[in-house]
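Chain by chain, the residues run as shown.
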Amino acid sequence: MSESSTLITSYAPARSSGTGLRTCGVIDALARHGPVTVAYVPFDGEEPASDLLENPRITLRPIVPSRGPGRALAALRALARGAPWSLAKAASAEAVAVAERAEAHERVIADGPTMATALLGLAARRPLTYLSHNVESSFRGTWVLRRFERRILRTFATSWMASRPDVARARDLAGPHATTPAGAQIDVVYVPNVIDVAALGPCAAHRGGERILFVADFTYLPNRNGLAFLLDEVMPLVWERLPEAHLLLVGRGVNRAPEDRRVEVLGFVEHLGDAYAQADCAAVPLLQGGGSPLKFIEAMAHGLPVVATPRAAAGLEVRADEHFLQADGAEPFAQALVQALSGGAGDLGARARALVESSYSIEALAEILAPVASQAEDASKAEGASKLRTPQS
């Protein structure tokens, strides 16, 4: 069954950050079921991902937000609904107009809290979907944000969360008996972060080198804190055991110059596959934040051994010592990195790659996002097939 979707986002859908990767994955999965219109606000001159532009099922339409009185009025309306200023100031009447023009049968998705803020009034009048990237108030704990995030969850008909822990947090925040303005029970759904696994060949067998890769958007506070933990506490312990181990930092926003020649800041790179091909293991040293780190998933898809904190792994359905090496604290993290660099991870990378294919691929997400009628039809077929296989008494 085909289903049309309109996704409205406050940035160009590109694969240059974890947020962009999540959005692009959802767009790819929705396109498996029908045409997708993506309305986006161009920001900092960034262009949408080239594969989205080339997909005949995806139509990309830039939104140019108004300035002056129109923009101010939209911000005031958002403030009146309880939005914190950080979200209200980006409210766009033009985004609302796009959503209002969508056909009644279309699935309309607000991408992230900024766009959910803009569309909150419309969501009170017709069923809309909120694509969440985190339960924001779980680590940015102002009472204003917490109260407003609760309102988003109680207003949108459906909320898509990046991890099962975030599903639980969202349901707890909304309240056990929360209903939408139409009186329906709120629907909080697990919609995992995914990547195009088929397009990522696993890295060639590693040469037993000593190169650790940390890929992240370092403009994001939890990633900056993770970097500080890695540089200040973990790497000095690694160098005591492996003096020539190198740390490769990939991603925008590294704002501290390396104090050691063994730390290489590559910054933003166009083709991440080249960075993964240089590495012998990946580090995900997150100490805070929610969701599920896409760079964790991406490293597993490349077949790299991954060393991660319990916080980083909390949003993923992974098992320590089977899919990754888990380490809590500087000394255990350093020991795990040394183990991975010394060839002690066995076939952990291959098992991790298999997990990504089955649970974190675009194909897996497309099944989750299948139209409700299609899911019911598949269930009916499965039930019928089961009856045919069941011996009759």
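Residues numbered from 1 in each chain as written. Predicted model: local features only at pLDDT ≥ 70, side-chain atom pairs only at ≥ 80, totals over all residues. Heavy atoms only, no water.

Enquirer: How would you explain the overall build of the protein chain if you had to name every residue and give the values?
Expert: The helix and strand inventory of the protein chain stands at 17 helices and 13 strands. Projected onto its principal axes, the C-alpha coordinates of the protein chain cover approximately 75 × 60 × 45 Å. Expressed as a percentage of the 393 residues in the protein chain, the buried residues total 53%. Summarising the internal contacts of the protein chain: among those between residues at least 6 apart in sequence, 68% fall at separations of at least 24. As displayed, the protein chain has an accessible area near 17,600 Å², and 52% of this comes from carbon and sulfur atoms. Side chains of the protein chain give 39 positive and 43 negative charges; the mean places of these two sets differ by 8 Å. (Helix = DSSP H or I, 4+ residues; strand = E, 2+ residues; numbered from the N terminus. Buried < 20%, exposed > 50% of the residue type's maximum accessible area, 1.4 Å probe, protein only. Contact = heavy atoms within 4.5 Å. Areas by Shrake-Rupley, 256 points an atom, 1.4 Å probe, with all protein chains shown as cover. Lys, Arg positive; Asp, Glu negative; His and termini not counted. Charge placed at Lys NZ, Arg CZ, Asp CG, Glu CD.)

Enquirer: Residues and numbers for the side chain of Asp-280, please.
Expert: Mapped onto the elements of the fold, Asp-280 is located in the loop between helix H11 (272-278) and strand S11 (281-284). For Asp-280, the side chain forms a polar contact with the main-chain nitrogen of Gly-209, separated by 3.2 Å. (Polar contact = N/O pair within 3.5 Å; in protein donor to acceptor, adjacent residues only side chain to side chain.)

Enquirer: Before we move on, can you summarise the sheet that holds strand S4 (residues 107-111) with the specific residues and values?
Expert: The strands that make up a sheet pair up through hydrogen bonds in the backbone, lying either parallel or antiparallel. Strands sit in the order S3-S2-S1-S4-S5-S6-S7 across an open sheet of seven strands; the sheet is parallel. The open sheet has two edge strands, strand S3 (58-62) and strand S7 (187-190), and neither has a second partner. Neighbour to neighbour, the strand axes of the sheet diverge by 20° on average, direction disregarded. Alignment of strand S1 (residues 5-9) against S4, held across four bridges, turns out to be parallel. Counted as the bridge partner of Ser-5 is Arg-107 from S4. (Pairing = 2+ DSSP bridges. Axes fitted to C-alpha atoms, helices over the stretch in contact; angles between N-to-C directions.)

Enquirer: Run through the packing of helix H8 (residues 143-155) against helix H9 (residues 164-174), naming residues and quoting values.
Expert: Contact geometry of H8 with H9 gives a least axis separation of 9 Å together with a crossing angle of 100°. On the basis of their axis angle, the class for H8 and H9 is roughly perpendicular. Of the residues in H9, those touching H8 at Arg-146, Glu-149, Arg-150, Leu-153 and Arg-154 are Ala-170, Leu-173 and Ala-174. Considering only residue class, the contact of H8 with H9 consists of four nonpolar, no polar and four charged. (Parallel < 35°, antiparallel > 145°, perpendicular 65-115°, else oblique. Nonpolar A, V, L, I, M, F, W, Y, C, P; charged D, E, K, R; others polar.)

Enquirer: Which residues make up H8, and what values do they have?
Expert: Counted at 1.5 Å a residue, the expected span for H8 with its 13 residues is 18 Å, and the 18 Å between its end C-alpha atoms agrees. Listing the buried residues of H8 in full gives Leu-145, Phe-148, Glu-149, Ile-152, Leu-153 and Thr-155. Check the buried side of H8 and you find it contacts helix H4 (85-88), helix H6 (112-118), helix H7 (120-123), strand S5 (129-131), strand S6 (158-161) and H9. (Expected span 1.5 Å × (residues − 1).)

Enquirer: Before we move on, could you go through the pattern of salt bridges and cite the residues and values that matter?
Expert: A complete count under the given rule lists 16 salt bridges for this structure. Several salt bridges share partner residues, and in doing so they unite Arg-15, Asp-28 and Asp-51 into one network. (Salt bridge = Lys/Arg side-chain N within 4 Å of Asp/Glu carboxyl O.)

Enquirer: Kindly report on a nonpolar patch on the surface, identifying the contributing residues and their values.
Expert: Among the surface-exposed residues, Leu-76, Leu-79 and Trp-85 lie close enough to one another that they form a single nonpolar patch of about 320 Å² accessible area. Within the secondary structure, Leu-76 is located in helix H3 (residues 69-80). When its relative accessible area of 54% is taken as the criterion, Leu-76 is described as exposed. (Patch = residues over 30% accessible without salt bridge, like charges linked within 9 Å, V, L, I, M, F, W, Y side chains within 5 Å.)

Enquirer: Help me get a handle on unusual backbone geometry, residues and values and all.
Expert: Its identity is not glycine, yet Asp-321 carries a phi of approximately 70°, on the positive side. Relative to the helices and strands, Asp-321 is located in the loop between helix H13 (310-313) and strand S13 (325-326). For Asp-321, a relative accessible area of 59% translates into the label exposed.

Enquirer: Please give an account of the sheet that holds strand S12 (residues 306-308) that cites residues and values.
Expert: Strands sit in the order S10-S9-S8-S11-S12-S13 across an open sheet of six strands; the sheet is parallel. Unpaired on one side and paired on the other, strand S10 (263-267) and S13 mark the two borders of the sheet. Here S11 runs beside S12; their pairing, made up of three bridges, is parallel. Bridging from a neighbouring strand, Ala-282 pairs with Val-306 of S12. On the sheet, helix H10 (residues 221-241) packs against strand S8 (211-215), strand S9 (246-250), S10 and S11 and is oriented at approximately 170° with respect to S8.

Distances and angles like these do not, on their own, reveal function.
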